[in-house]
2 protein chains.
Amino acid sequence: MRKINVGLIGFGMIGSGVVKALLNRRQLLKEKLGLDINLKKICDKDLTSNRGISIKKGLLTRDAREVINDPEIDIIIELIGGIHPAKEIIISALKNKKHIVTANKLLLAEEGKGIFRIAKEYDREVYFEASVGGGIPIVRSIREGLIANRFLNILGIVNGTSNFILSKMTDEAMEFEDALIKAKEKGYAEKDPSLDIEGWDSAHKLIILCVLAFGRWVDLKKVYVEGISNIKALDIAYAQDLGYVIKLLAIAKVVNGELEARVNPTLLPKEHLLSSVSGNFNAIYINGDLVGEQLFYGEGAGRLPTSSAVVSDIVEIATKIVEGKRFHRRGLDFKSNIKRVRRMNEVLAKYYIRFSVIDKPGVLARIAHILGFHRISIASVVQKERREEKVVPVVMLTHEAKENNVRVALKEINRLSVVKEKSVVLRMER
Amino acid sequence: MRKINVGLIGFGMIGSGVVKALLNRRQLLKEKLGLDINLKKICDKDLTSNRGISIKKGLLTRDAREVINDPEIDIIIELIGGIHPAKEIIISALKNKKHIVTANKLLLAEEGKGIFRIAKEYDREVYFEASVGGGIPIVRSIREGLIANRFLNILGIVNGTSNFILSKMTDEAMEFEDALIKAKEKGYAEKDPSLDIEGWDSAHKLIILCVLAFGRWVDLKKVYVEGISNIKALDIAYAQDLGYVIKLLAIAKVVNGELEARVNPTLLPKEHLLSSVSGNFNAIYINGDLVGEQLFYGEGAGRLPTSSAVVSDIVEIATKIVEGKRFHRRGLDFKSNIKRVRRMNEVLAKYYIRFSVIDKPGVLARIAHILGFHRISIASVVQKERREEKVVPVVMLTHEAKENNVRVALKEINRLSVVKEKSVVLRMER
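All figures in this text were calculated on a predicted structure; none of them were measured in a lab.

Draft legend 1. Structural detail: helix H11 (residues 233–241) of chain B. Among the residues of H11 of chain B, those classed as buried are Ala233, Asp235, Ile236, Tyr238 and Ala239 of chain B. Just beyond H11 of chain B, the residue with positive phi is Gly243 of chain B, at close to 95°.

Set out below in structure tokens:
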């Protein structure tokens, strides 16, 4: 039986899951594939921590070069995360004619274009199923299973931490800060959770989804990113009353041949499939011109789901190694029919706006007048409390309006003496 | 650019969708793959119907042998459906060293084992993404994306016709017969809908899911199959009141190393992800030991989704042809840890039972006594109407019980003079 040697760099939480899966599933993979996937070297700075796995001593090294330069190793799994030294390791490995499996969304989002150029030059593969949606086979599905489709849009809940926090806030009427504490207790949020809660992790994944679906590496700077740390329990409650759920979505849409790419908390109708995705789960909703609506749901992070994705990538590359004299590369860059990436200012959306205003005659009329002047028309207004001459919340849902108009109008409205707090603005999707 | 020639046999509704996709997406596939997928021959008995596609005359033939014997054709798409002559065509094509793409679930469920044996012997591939879940890339996902997992269970809504009918019955309180008429009007049900509504189509797909997930071709005779034609609006209403939705499910479960494989209408809690799958959509819920719960959702049939799946299979095979001198086969039969397939009698489930009984003292006690004697314990009882000495429905939900005990107990209960109609029994899942 043909043996394929793999080396792992980054023996942390995810890395130890991958090691376990490779050892436990070696026999299953032999049966399914007729191939022996052999873990030949593991590199980490820390060789002493107990990961609960018994490993032959000779496997471990602190020197990444021992893995990269091992002539018997065909595939290198990069699980360090972050830009440095992951980038340098991947590039030297590619130049050494190694194939790469990585879960590093941050690196791919920021440096993917360059990395794939090098991979092409050296005729090696970079696989990255674990970088989006954890164990959900979404990369493979878009790239292979749905290859014949032109895609219309993608809406993704791709950050489990944020989704857990929003679910807690929704189900238990918690404020953000309390829900974040719960997430930390459960191990779903890191000490510094900003990458997750401020939307950056979702943006990295969005960039990867965009290149798969639209054949174009979107510059992170062109992605509008808004997180969930300003979401109030009050807004979630209003949304619920109006029949909506608030989710942090990664959104990519093709509108008139232009691509909209953004991450923002979003009001979704309760009946939307994504609305019932709760807790730390992920789901990607994608609309292809042939297949129509599709939804992929599963755990988006964690040791076991990630190991499932990493092993599936190793298997794909190993099978290709055994099959082919040469690799037939599937380009990530195809003609996408997309002329350009839209600026956020140009985006059209429906809006949820909550004003904090003095409850007195004429206030609503003044706000409505300013909105109308900027071509924002109101679909509905909710004012629950009546407290004359006191500050009360007033919620408006708009018809479709242009982001820029909303921004200008709100600047104007926020300056009114009857408006007592900065108005809250959230976008809606259907 | 390397050209791969394909031949299509069966130019019906699905076939014409595939032809359109192959012609319309030829350029996109060139860009994505660097390969030219060329439709070289189309075979059908009917060469005169207008399919709304302009095709060069020379492409068409009425003689399948012209396709099978064409030395330039590498891949043959079988879209005739049914056993004969699809089986004979596939076998002769394999013997002629052609690869096969098929959507024929009936053929695979009944003859798959033999067909794959022949494919192995002649070192050719048989791909079948379109056979389950239409455009949902579920075959690829189980076989490749989730390859490292041991699976615990699969629950699938895999028949859009039945799901449409049940959704109509649920949303509009329709009876089965009226909902079936609606399904026919919409083109979701065929003139003879028995394959769909009696559960056989779901059973065929279940067999395919089982071989993918558990490495074993389950004999169709060993699959318990119960359709939806006996479901009453009354039972749907009771289920709803109790917090459940009724869905036709294809179910595969590993229990103590034994496989349970069955198709039956099932009460699912409203919160279950599958409960919100409505209309003619499909969804497959699958539980792997690494990935945990996953759900794949999309359109399960129709010209465009099916063409998406068929083209993805063609692409996979074409890529393999270009890459390899030889094929590295992924076996469908691996050691599955499954000792045997359970008989239905042995299955454990919770049950919904509706009795039609004379409303008088002592009746419930007699029924409860018989159930208790057969070790079936009652979780809850609902009797909405009170009409003394008249026939009323009484609904019971049981704790987990053995199918055989339920059958024996009900035979006994149905013989009671106070029981006026055959009791309705439905299984429940969590």
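Structure shown, so let's carry the discussion forward.
Draft legend 2. View of the layout of surface pockets. There is about 1,400 Å³ of room inside the largest pocket. For the largest pocket, the lining is made up of 49 residues, of which Met13, Ile14, Gly81, Lys105 and Glu190 of chain B are closest to its centre. Of the residues in the lining of the largest pocket, the class split is 19 nonpolar, 18 polar and 12 charged. Looking at the second largest pocket, its volume works out to about 1,000 Å³. Lining the second largest pocket we find 36 residues, and of these Met13, Ile14, Lys105, Glu190 and Ala301 of chain A sit closest to its centre. Listing elements by their share of the lining of the second largest pocket, those giving two or more residues are helix H1 (13–24), helix H5 (105–121), helix H7 (160–172), helix H9 (194–197) and helix H10 (200–214) of chain A. When its residues are assigned to classes, the lining of the second largest pocket shows 11 nonpolar, 17 polar and 8 charged.

Draft legend 3. Expanded view of the sheet that holds strand S6 (residues 126–127) of chain A. Residues and elements named next belong to chain A. Ordered by their spatial adjacency, 6 strands build an open sheet running S3-S2-S1-S4-S5-S6, and the pairing between neighbours is parallel. Two strands bound the open sheet, and with one partner strand each, they are strand S3 (60–61) and S6. Summarising the sheet, strand S2 (residues 35–43) and S3 pair through 2 bridges and their orientation is parallel. In the sheet register, Ile42 faces S3, and the bridge partner there is Leu60. The strands touched by helix H2 (residues 26–33) within the sheet are strand S1 (2–9) and S2, with S2 carrying the most contacts at an inclination of about 140°.

Draft legend 4. Spatial organisation of the interface of chain A and chain B. Each partner contributes to the interface: chain A provides 57 residues, whereas chain B provides 57 residues. Both sides of the chain A and chain B interface together cover about 5,300 Å² of buried area, and 54% of this is carbon and sulfur. In this structure, Glu144 of chain A and Arg140 of chain B form a salt bridge, with 3.7 Å as the shortest nitrogen-oxygen distance. Remark: the boundary between chain A and chain B carries 12 residue pairs in polar contact (both at pLDDT 80 or more). Of all the secondary structure elements, the ones that give two or more residues to the side of chain A that touches chain B are H2, helix H6 (138–145), strand S12 (292–299) and helix H12 (303–323) of chain A. By residue number, the principal contributor to the side of chain A that touches chain B is H12 of chain A, which donates 12 residues. Residues of the side of chain A that touches chain B, tallied by class, amount to 24 nonpolar, 16 polar and 17 charged. Here 4 bridges tie S12 of chain A to strand S12 (residues 292–299) of chain B, and the two strands are oriented antiparallel to one another. What sits directly across from Phe296 of chain A, in S12 of chain B, is Phe296 of chain B.

Draft legend 5. Examining the relation of the copies chain A and chain B more closely. For the pair chain A and chain B, the best superposition has an RMSD of 0.0 Å and corresponds to a rotation of 180° with a translation of 0.0 Å parallel to the axis. Look at the turn and shift together and you get a two-fold axis relating the two. By residue overlap, the copies meet face to face through one surface: 100% of the interface positions of chain A are interface positions in chain B.

Definitions and cut-offs
Residues numbered from 1 in each chain as written. Chains lettered and ligands numbered in written order. Predicted model: local features only at pLDDT ≥ 70, side-chain atom pairs only at ≥ 80, totals over all residues. Heavy atoms only, no water. Buried < 20%, exposed > 50% of the residue type's maximum accessible area, 1.4 Å probe, protein only. Helix = DSSP H or I, 4+ residues; strand = E, 2+ residues; numbered from the N terminus. 1 Å grid on protein atoms, 1.4 Å probe; cavity = no way out; pocket = protein on both sides within 12 Å on 5 of 7 lines; lining within 4 Å. Points joined across faces, edges and corners; volume = space filled by probe spheres on them. Nonpolar A, V, L, I, M, F, W, Y, C, P; charged D, E, K, R; others polar. Pairing = 2+ DSSP bridges. Contact = heavy atoms within 4.5 Å. Axes fitted to C-alpha atoms, helices over the stretch in contact; angles between N-to-C directions. Buried area = accessible area lost by both parts, 1.4 Å probe. Salt bridge = Lys/Arg side-chain N within 4 Å of Asp/Glu carboxyl O. Polar contact = N/O pair within 3.5 Å; in protein donor to acceptor, adjacent residues only side chain to side chain. Least-squares fit on C-alpha atoms with pLDDT ≥ 70 in both.

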